[in-house]
Amino acid sequence: MKMVWLELNGCSGNIISLLDGADPGFDYMISEMVELVYEHSLMSAEGEEALEHLFALMDQEFILAVEGAVPLKNGGRYQIVGNWQGRSITALEMIQLLGERARYVIAVGACASHGGVSAGRPNPSESVGIQSVLQRRVIQLPGCPCHPDWFLGTLAHLIYFGEPQLDEEGRPVFIYGTSIHRRCERRSYFDQGIFATQLGEPTCMFMLGCRGPMTTTDCPIRKWNERINWPVQANTNCIGCAQFGFPDVMEPFVRYFTLETDREGELVEVLEDE
Ligand code: SF4
């Protein structure tokens, strides 16, 4: 099966995450699972030669993996992903061209799934997840970044068994079916009401803002970096990066202050949300 990996409005963190995967890793994917025809960061061919490879796929069967959000402002002119015969091609045009023709479409990471950081407030590029611009089912793999196993496991399922069972948000249930909180190694502290008051204490980090209770994925048993660690084990709370709405519904990366005058006539900064 042929595969295309598009990079839209994002940080390339998902292809980097995939390149760092192991057992199986990226080399196994391209030698045993798919023929990777196009990927922005990895193409040896450049410019129109690369796009020729891509457009030659139009009448063939292929899987489309997409990372990054789609900027909509000014007709999509905020992101140009290629130039073809003197004409710029926007991310919006590219995803609509390929997305409606692909056998399967996989949104890899938070930005492709629901806008993610690229659509974070105030979202000057008016970025959205790819489902918003496609009239078809998109398999969603949210996470910032997507774990290499989440992508390769989904890809293997598509190739060998077809589409996996998806939840109401389009996420594979075998990955996103259980909350982090349920399988966390600090859960017994939560149940006993023993909470950490600062990072570094070995008890439950709920009072420090842990988002494990509202985030569903398998980090506690999957772990990261060749399965040696994950945030809670490393003494940092879960930030909910695999949940729809991240980062704004979890903890905004950007907060705004306004200047107001207090009773004494002094200018004071006030958090906009308060
Ligand atoms: S550290 Fe977070 S995920 Fe773990 S038990 Fe506490 S609240 Fe739940």
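Heads up: the structure comes first, above all this text.
One structure accompanies this document, and this report is about it. (Residues numbered from 1 in each chain as written. Predicted model: local features only at pLDDT ≥ 70, side-chain atom pairs only at ≥ 80, totals over all residues. Heavy atoms only, no water.)

### Concerning the environment of glutamate 260
So, point 1. Among the secondary structure elements, glutamate 260 is positioned in strand 10 (residues 257-261).
So, point 2. Judged by relative accessible area, glutamate 260 falls into the partly exposed class, the value being 42%.
So, point 3. Counting along the chain gives 10 residues from glutamate 260 to valine 270, while the straight-line C-alpha distance between them is 6.8 Å.
So, point 4. With near-sequence residues (within four places) excluded, glutamate 260 lies in contact with Glu266, Leu267, Val268 and Val270. (Helix = DSSP H or I, 4+ residues; strand = E, 2+ residues; numbered from the N terminus. Buried < 20%, exposed > 50% of the residue type's maximum accessible area, 1.4 Å probe, protein only. Contact = heavy atoms within 4.5 Å.)

### A look at the site of the ligand
So, point 1. Surveying the vicinity of the ligand reveals the residues His181, Cys184, Arg186, Arg187, Cys204, Met205, Phe206, Cys210, Gly212 and Pro213.
So, point 2. Here the shell around the ligand is built from residues that sort into 6 nonpolar, 2 polar and 2 charged. (Near = heavy atom within 4 Å. Nonpolar A, V, L, I, M, F, W, Y, C, P; charged D, E, K, R; others polar.)

### Some details on the packing of helix 3 (residues 47-55) against helix 5 (residues 91-99)
So, point 1. The interhelical angle for the contact between helix 3 and helix 5, taken along N-to-C directions, is 30 degrees, at an axis separation of 12 Å. As far as their axial angle goes, helix 5 and helix 3 are roughly parallel. The residues of helix 5 that touch helix 3, namely those facing Leu51, Leu54 and Phe55, are Met94, Leu97 and Leu98.
So, point 2. Its residues placed into classes, the contact of helix 3 with helix 5 shows 6 nonpolar, no polar and no charged. (Axes fitted to C-alpha atoms, helices over the stretch in contact; angles between N-to-C directions. Parallel < 35°, antiparallel > 145°, perpendicular 65-115°, else oblique.)

### Some details on the packing of helix 2 (residues 26-33) against helix 7 (residues 148-160)
So, point 1. Across the interface, helix 2 lies against helix 7 with an axial gap of 11 Å and an inter-helix angle of 10 degrees. Between helix 2 and helix 7, the crossing angle belongs to the class labelled roughly parallel. Each of Met29, Glu32 and Met33 in helix 2 lies in contact with helix 7, whose residues at this interface are Phe151, Leu152, Leu155, Ala156, Ile159 and Tyr160.
So, point 2. Per-class residue counts for the contact of helix 2 with helix 7 are 8 nonpolar, no polar and 1 charged.

### With respect to the pairing of strand 6 (residues 87-90)
So, point 1. Pairing analysis gives 4 bridges linking strand 5 (residues 80-84) to strand 6, with the strands arranged antiparallel. Paired with isoleucine 80 across the two strands is threonine 90, which belongs to strand 6. (Pairing = 2+ DSSP bridges.)

### Looking at the nonpolar core
So, point 1. If you look at the biggest cluster of nonpolar residues, it comprises 35 residues, and the most contacted ones within it are Met29, Phe151 and Leu155.
So, point 2. Counting only elements with at least two residues in this core, the list comes to strand 1 (2-7), helix 1 (13-19), helix 2, strand 3 (62-67), strand 7 (104-108), strand 9 (139-141), helix 7 and helix 8 (173-176).
So, point 3. Broken down by element, the residue count for this core peaks at 5 residues, all from helix 7.
So, point 4. Dropping the residues within four chain positions of it, leucine 155 is found in contact with Met3, Met29, Met33, Val34 and Ile63.
So, point 5. Core analysis: the second largest hydrophobic core is formed by 32 residues, Val4, Leu8, Ala50 and Val105 among them. (Core = buried A, V, L, I, M, F, W, Y, C linked by side-chain atoms within 4.5 Å.)

### Let's talk about the state of the cysteines
So, point 1. Counted according to the given criterion, the structure contains 0 disulfides.
So, point 2. Cysteine 144 supplies the cysteine sulfur nearest to cysteine 11, a cysteine that is in no disulfide, at a spacing of 6.1 Å.
So, point 3. Of the residues examined, cysteine 11 reaches a relative accessible area of 63% and is grouped as exposed. (Disulfide = S-S within 2.5 Å.)

### Considering the sheet that holds strand 7
So, point 1. A sheet is described by the order of its strands in space; here 5 strands give the open sequence 2-1-3-7-9, paired in parallel fashion. Only two strands of the sheet have a single partner each, and these edge strands are strand 2 (35-39) and strand 9. In this sheet, neighbouring strand axes are inclined to one another by 20 degrees on average, regardless of whether the strands run parallel or antiparallel.
So, point 2. Note that strand 1 and strand 3 share 6 bridges and pair parallel. Its bridge partner lying in strand 3, tryptophan 5 is registered against alanine 65.
So, point 3. Against the sheet, helix 7 contacts strand 1, strand 3, strand 7 and strand 9, and its axis sits at roughly 160 degrees relative to strand 9.

### Let's talk about a negative patch on the surface
So, point 1. Residues Glu46, Glu48, Glu49 and Glu52 make up a contiguous surface patch of negative charge.
So, point 2. On the secondary structure map, glutamate 48 appears in helix 3. (Patch = residues over 30% accessible without salt bridge, like charges linked within 9 Å, V, L, I, M, F, W, Y side chains within 5 Å. Areas by Shrake-Rupley, 256 points an atom, 1.4 Å probe, with all protein chains shown as cover. Salt bridge = Lys/Arg side-chain N within 4 Å of Asp/Glu carboxyl O. Lys, Arg positive; Asp, Glu negative; His and termini not counted. Charge placed at Lys NZ, Arg CZ, Asp CG, Glu CD.)

### Examining the side chain of serine 125
So, point 1. Among the secondary structure elements, serine 125 is positioned in the loop between helix 6 (110-114) and strand 8 (127-128).
So, point 2. Relative accessible area serves as the criterion here: at 10%, serine 125 is assigned to the buried category.
So, point 3. With residues near it in sequence (within four places) discarded, serine 125 still touches Asn9, Pro71, Leu72, Lys73, Tyr78 and Ser118.

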